[in-house]
Amino acid sequence: MANNSLLAPSVCFENVCLSRGGNLILNNICATAPAGGSTVLVGPNGAGKTTLLLCLIGEMAYTGRIQFAGLEHQPRMAYVPQHLIMDRSLPLRVCEFLALSRQRQPLWLGLRPWARSEGRQLLQMVKAEHLEQSRMGDLSGGELRRVLLAAALGRNPELLVLDEPAAGVDVRGERLFWELLDAARHERGFTQIMVSHNLPLVAHYATHVICLNKTVCATGAPRATLTSSTLMELFGVPIHLYPDQCDPEDPGCPQCGVVSEAEGLLPNYAAIERREAARMNARLASRMAASPCEPCSEKAPDQGGSRA
Amino acid sequence: MPDLSPIYALISMIPLDCLQMRFMQQALLGVLLLAPMASVLGVEVINFRMAFFSDAIGHSAFAGVALGLILAVPPRLAMPLFGILVGLGIMAVRRKSDLSSDTVIGIVFSAVVAFGLAVVSRAEGVGRDMQRFLYGDILTITDGEIGFLALLFVALLVFQAVGYNRLMCIALNPVMARVHGVRVALWQYAFAGLLALVVMFSVWAVGVLLVTAMLIVPAATARNFARSAGGMFWWALLVGTTSAFAGLTLSAQEWLATASGATIILVACCWFAVSLFVAGATGRRRS
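Residues numbered from 1 in each chain as written. Chains lettered and ligands numbered in written order. Predicted model: local features only at pLDDT ≥ 70, side-chain atom pairs only at ≥ 80, totals over all residues.

**Student:** I'd like a rundown of the overall build of chain B, residues and numbers included.
**Tutor:** From N to C terminus, chain B includes twelve helices and zero strands. Against the compact-globule benchmark of 19 Å for 287 residues, chain B has a radius of gyration of 19 Å, which places it among compact chains. If you line up chain B on its principal axes, its C-alpha atoms span 55 × 55 × 35 Å. Within chain B, the proportion of its 287 residues that are buried is 50%. (Helix = DSSP H or I, 4+ residues; strand = E, 2+ residues; numbered from the N terminus. Rg over C-alpha atoms; globule rule 2.2 N^0.38 Å. Buried ≥ 20, exposed ≤ 12 C-beta atoms within 10 Å, placed from the backbone.)

Here you go:
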């Protein structure tokens, strides 16, 4: 359970290109994932995020260079996939799964005591100690992702690579996963690179963001990178993560965005309510205008006031 | 050639009339070596979803015989060699191609069967080989072949001791396995080669129609009985070995007189039926 903060590498992508079947998937990627940081790749589907991770872990051939600065050897990596390929009938227990890549003795000769005890410690780290004897196939989505994280942490990695590790998990489960990941990174100091589509959580937990759409659109600290203009360029829809950074005006967005700056992650329900009230009032006003004989037609509420 | 007569003497001590004959003693020794190997590999075949793969290898046995006829190589040598070639070939195409693995296996399957039939349609006197190919012929196994099976048994035991965890890891997620230090390609090819060899011997024992059952039924039964991945190995071993013993001895009884390969598989299927009840009860307890 060592802290690698002084050993963690920074990852430098230098002119990384990859094409498949004549299609350019990665075009001259130049970016850096700082040592000991939490770097998140953000971008639409088909942007090449997973492909870039696969290049990083040596699964795909590419041109250009990926360098690990600060280390003289290849970093010890761990990988958290989106899912496992198994069905519910596989009687693999969580403690066995955690021992798979650490214990040389085959599982059919039993678990070694040290492997069992280390597995228990790893499960405690991801708040899943109660799952030790559970079957892998019986775990919920959130539990499975935490066990996968525990298995990766069991390798004591210098570089942790995660490919949409909490995709399909409910809001609470995903929040817990990010919290545990963040705590583990602070405790052990590894460099982390992950793909995620959950922008509010990225804004909250990431230390560095690479916006990718076959090429690098923006890179840097989340607040400087996840601007509405960059997100509009990436996704083609108005997304306002930070109210004070709403460059293009969005008429449906009172105070530039429904995400509260104070809460960071929770929707600003007051703003949503005000917007809905304004719409209701506007509808009422138009009805009143259509039937001027009614006595209160001149007292239709002021639309601008409802937006205030 | 090692002297196997002490083992045959030991087998003859089993109080069953049918086991007093030498060819039955040889057959029993043969299936007791083969069944555990097939059962244990079956665990991985199910994990990798490769049942169709083993079927294709089994069907390549006849193409192997046909190739042996053309090249004047003894069928019992040509069959396993050709099986290994086909197994490694499928694995290579599967790893490199974007086609789904069942499509790749289906194409190879068709090619080897068509090749075998084409050669047989021209050649004379391969009727006996065809029978052997379809129904199995464990009763004609020789001491030399038993010796080879024993060597294969030791090799497989070592392979399972070193590779069981790694193969499980690859089956769960090959990318994760690779990043976590498993040499995925090496283990996949080694597995395909060993599986091809065991499948070819199993074709001799139970015939091509039932070869997949010899791998799959004990392993599927083990999944229902076992409470852990380690236990799954031992259950597969138990089900495969007891089915082989019971099936062979039952088939030799006068009141039954059935094909030995088919009887072995039927006993294994009875095991599976029992395991379904156990799995149902366990599932109800878990849910």
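**Student:** Describe the overall build of chain A, with residues and values.
**Tutor:** Counting its secondary structure elements, chain A contains ten helices and nine strands. Out of the 308 residues belonging to chain A, those deemed buried represent 40%. Counting only contacts in chain A whose residues sit at least 6 apart along the sequence, the fraction spanning at least 24 positions is 60%. (Contact = placed C-beta atoms within 7 Å.)

**Student:** Kindly report on the sheet that holds strand β9 (residues 216–220) of chain A, identifying the contributing residues and their values.
**Tutor:** All names here are of chain A. Taken in spatial order, the six strands of this open sheet run β5-β6-β7-β3-β8-β9, and their pairing is mixed. Across the chains shown, the open sheet's two edge strands, defined by having one partner strand only, are β5 (77–80) and β9. The sheet shows a mean angle of 15° between the axes of neighbouring strands, taken without regard to direction. Where strand β8 (residues 208–212) lies against β9, four bridges are found, and the strand directions are antiparallel. Each bridged residue has a counterpart across the sheet, and for Ile210 the counterpart in β9 is Thr219. The strands touched by helix α8 (residues 228–235) within the sheet are β8 and β9, with β9 carrying the most contacts at an inclination of about 145°. (Pairing = 2+ DSSP bridges. Axes fitted to C-alpha atoms, helices over the stretch in contact; angles between N-to-C directions.)

**Student:** For the nonpolar core, give the residues involved together with the corresponding values.
**Tutor:** Among the nonpolar cores identified, the biggest contains 176 residues, and Ala150 of chain A together with Val31 and Leu195 of chain B are the most heavily contacted of them. The leading source of residues in this core is helix α2 (residues 22–47) of chain B, at 15 residues. Ignoring anything within four residues of it in the chain, the contact list for Leu195 of chain B reads Leu41, Val45, Ser54, Ile57 and Gly87 of chain B. (Core = buried A, V, L, I, M, F, W, Y, C linked by C-beta atoms within 7 Å.)

**Student:** Account for the interface of chain A and chain B, with residues named and values stated.
**Tutor:** Taken together, the contact pairs 24 residues of chain A with 26 residues of chain B. Elements represented by at least two residues in the side of chain A that touches chain B include exactly β5 and α2 (94–100) of chain A. If you tally residues by element for the side of chain A that touches chain B, the top one is β5 of chain A, at three residues. Here the side of chain A that touches chain B is built from residues that sort into 15 nonpolar, four polar and five charged. (Nonpolar A, V, L, I, M, F, W, Y, C, P; charged D, E, K, R; others polar.)

**Student:** I'd like a description of the packing of helix α1 (residues 5–12) of chain B against α2 of chain B, backed by residues and values.
**Tutor:** Angle between the axes and distance between the axes are the two parameters that describe a pair of packed helices. Residue and element names in this part refer to chain B. Orientation of α1 relative to α2, taken along the N-to-C sense of each, is 100°, at an axis distance of 10 Å. It follows that α1 is roughly perpendicular to α2 by the angle criterion. Residues Ile7, Tyr8, Ile11 and Ser12 of α1 form the contact with α2, whose participating residues are Arg22, Gln25, Leu28 and Leu29. Among the residues making up the contact of α1 with α2, the classes are represented as five nonpolar, two polar and one charged. (Parallel < 35°, antiparallel > 145°, perpendicular 65-115°, else oblique.)

**Student:** Can you break down the sheet that holds strand β2 (residues 23–33) of chain A residue by residue, with the values?
**Tutor:** All names here are of chain A. Strand order in the open sheet made by the three strands is β2-β1-β4, with antiparallel pairing throughout. Single-partner strands in this sheet number two, and they are β2 and β4 (63–69). Strand-to-strand twist across the sheet, computed as the mean angle between neighbouring axes with direction ignored, equals 10°. Of the strand pairs in this sheet, strand β1 (residues 10–20) and β4 are connected by six bridges, and their pairing is antiparallel. In the sheet register, Phe13 faces β4, and the bridge partner there is Ile66.

**Student:** Would you mind going over the packing of helix α4 (residues 75–96) of chain B against helix α5 (residues 101–122) of chain B in detail, with residue names and values included?
**Tutor:** Residues and elements named next belong to chain B. Here α4 crosses α5 at 145°, and the two axes come no closer than 9 Å. Crossing angle aside, the handedness with which α4 passes α5 is right-handed. Along the contact surface, α4 presents Val86, Gly89, Ile90, Val93 and Arg94, while α5 presents Ser101, Val104, Ile105, Val108 and Val112. The residue inventory of the contact of α4 with α5, partitioned by class, reads seven nonpolar, two polar and one charged. (Left-handed = near helix turned anticlockwise from the far one by under 90°.)

**Student:** Let's hear about helix α5 (residues 171–188) of chain A: which residues, and what values?
**Tutor:** Residues and elements named next belong to chain A. The end-to-end C-alpha separation of α5 is 26 Å, in line with the 26 Å expected for 18 residues at 1.5 Å each. Every buried residue of α5 is listed here: Glu174, Phe177, Trp178, Leu181, Ala184, Arg185 and Arg188. Along the long axis of α5, the arc covered by the buried residues comes to 130°, so they all point the same way. With respect to the buried face of α5, the exposed residues turned more than 90 degrees away are Val171, Arg172 and His186. In this fold, the buried residues of α5 make contact with β3 (38–42), α3 (113–125), α4 (141–153), β7 (191–195) and α6 (199–205). (Expected span 1.5 Å × (residues − 1). Arc of directions from axis to C-beta.)

**Student:** Tell me about unusual backbone geometry, and name the residues and values.
**Tutor:** For Lys214 of chain A, which is not a glycine, the phi torsion comes out positive at approximately 70°. By the element assignment, Lys214 of chain A lies in the loop between β8 and β9. One non-glycine residue with positive phi stands out, namely Arg49 of chain B, at about 55°. You can see Arg49 of chain B is positioned in the loop between α2 and α3 (51–71).

**Student:** Just give me the short version of the confidence of the model for chain B, but keep the residues and values in it.
**Tutor:** All names here are of chain B. Confidence in the prediction of chain B, expressed as mean pLDDT, is 89, and 96% of residues score 70 or more. Mean pLDDT across the elements of chain B bottoms out in helix α6 (residues 127–135) (70) and peaks in helix α11 (residues 229–251) (96). For this predicted complex, the interface confidence reaches an ipTM of 0.89, while the overall pTM sits at 0.83. (pLDDT = per-residue confidence, 0-100.)

**Student:** Which residues make up the environment of Gly64 of chain A, and what values do they have?
**Tutor:** All names here are of chain A. If you trace the backbone, Gly64 turns up in strand β4. Sequence separation between Gly64 and Cys30 is 34 residues; the distance between their C-alpha atoms is 9.4 Å. Beyond its immediate sequence surroundings of up to four residues, Gly64 is in contact with Glu14, Asn15, Val16 and Cys17.

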